[in-house]
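The residues making up each chain are set out below.
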Amino acid sequence: KDYNNNTPYNPVEGAIVKLNDSKGNTETLNLASSGAYESVNIKGEQGVDYKLTIELDGNTYTSETKMPSSVPNEENYYRFIVNYNRKEMPTILLQDDEKRDGRAIERLLPFNEGDDSYIEMAANDHFKIEMRCITKEAFDFYMAWDELINGQGLANPPSNIKGGALGLFQAYTTSSIEYTVTADDLR
């Protein structure tokens, strides 16, 4: 699909999707009712490597990633996901900890003009902000994707999937905070 096409993805049925981890676990994923191939037995762990193998229509696609540790003493990359009244806003918000390693991250989360249609704040509105600790590879993918959808990019984002597919296979750690707007907030 086009990058700026926000319609739901049609599930791809009939694929053989396998997930391996560096701890020796292997699982063939099943297609869930959500349209995603989901793991039942392999759970994401910080510092563990994961390999994805997909066989579909005679083609094989592979990708590898490592789940980063959440905020260790190394270079870290973050993606923020903002949900307003349980609807994900399209703005891609990225951050690295360059020159701030080990310190708390405080950041205003600016929104693009396209987000304005999402926010007409009222009492009892609900916000959820998720901070994902992602790999440098995922950071570069989202940075290029953001440039592309904003008319600044000149090429496809860098894919980490081998076999002719464009996309990103990633593992990430996450933390989130939720807030409900009060009448006092609007004064």
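Please read all numbers here as calculations on a predicted model, not as lab measurements.

What counts and what doesn't
Residues numbered from 1 in each chain as written. Predicted model: local features only at pLDDT ≥ 70, side-chain atom pairs only at ≥ 80, totals over all residues. Heavy atoms only, no water. Salt bridge = Lys/Arg side-chain N within 4 Å of Asp/Glu carboxyl O. Buried < 20%, exposed > 50% of the residue type's maximum accessible area, 1.4 Å probe, protein only. Helix = DSSP H or I, 4+ residues; strand = E, 2+ residues; numbered from the N terminus. Polar contact = N/O pair within 3.5 Å; in protein donor to acceptor, adjacent residues only side chain to side chain. Phe/Tyr/Trp six-rings, centres within 6.5 Å; stacked < 30°, edge-to-face > 60°.

Draft legend 1. Spatial organisation of the pattern of salt bridges. In this structure the tally under the stated criterion is four salt bridges. Put simply, E130 and R132 hold a salt bridge, and the shortest N to O gap is 3.0 Å. Judged on exposure class, the residue E130 and its partner R132 are both buried. Notably, a salt bridge pairs K136 with D140, separated by 2.7 Å at the nearest N-O pair.

Draft legend 2. Examining the environment of R187 more closely. Positionally, R187 belongs in the segment after β11 (173-180). Looking at R187, its side chain comes within polar contact range of the side chain of D184, at 2.5 Å.

Draft legend 3. Layout of the packing of aromatic side chains. Summed over the entire model, instances satisfying the criterion amount to five aromatic pairs. Summarising the aromatic geometry, the rings of F141 and Y142 are spaced 5.6 Å apart at their centres and angled 85° between planes, so their arrangement reads as edge-to-face. Summarising the burial analysis for this pair, F141 and Y142 share the class buried. On the basis of an interplanar angle of 65° and a centroid distance of 5.9 Å, the ring pair of F141 and W145 is categorised as edge-to-face. Placement of both F141 and W145 in helix α1 (residues 136-149) is noted, with a separation of four residues, approximately one turn of the helix. Members of the aromatic cluster, joined through ring pairs, are F141, Y142 and W145.

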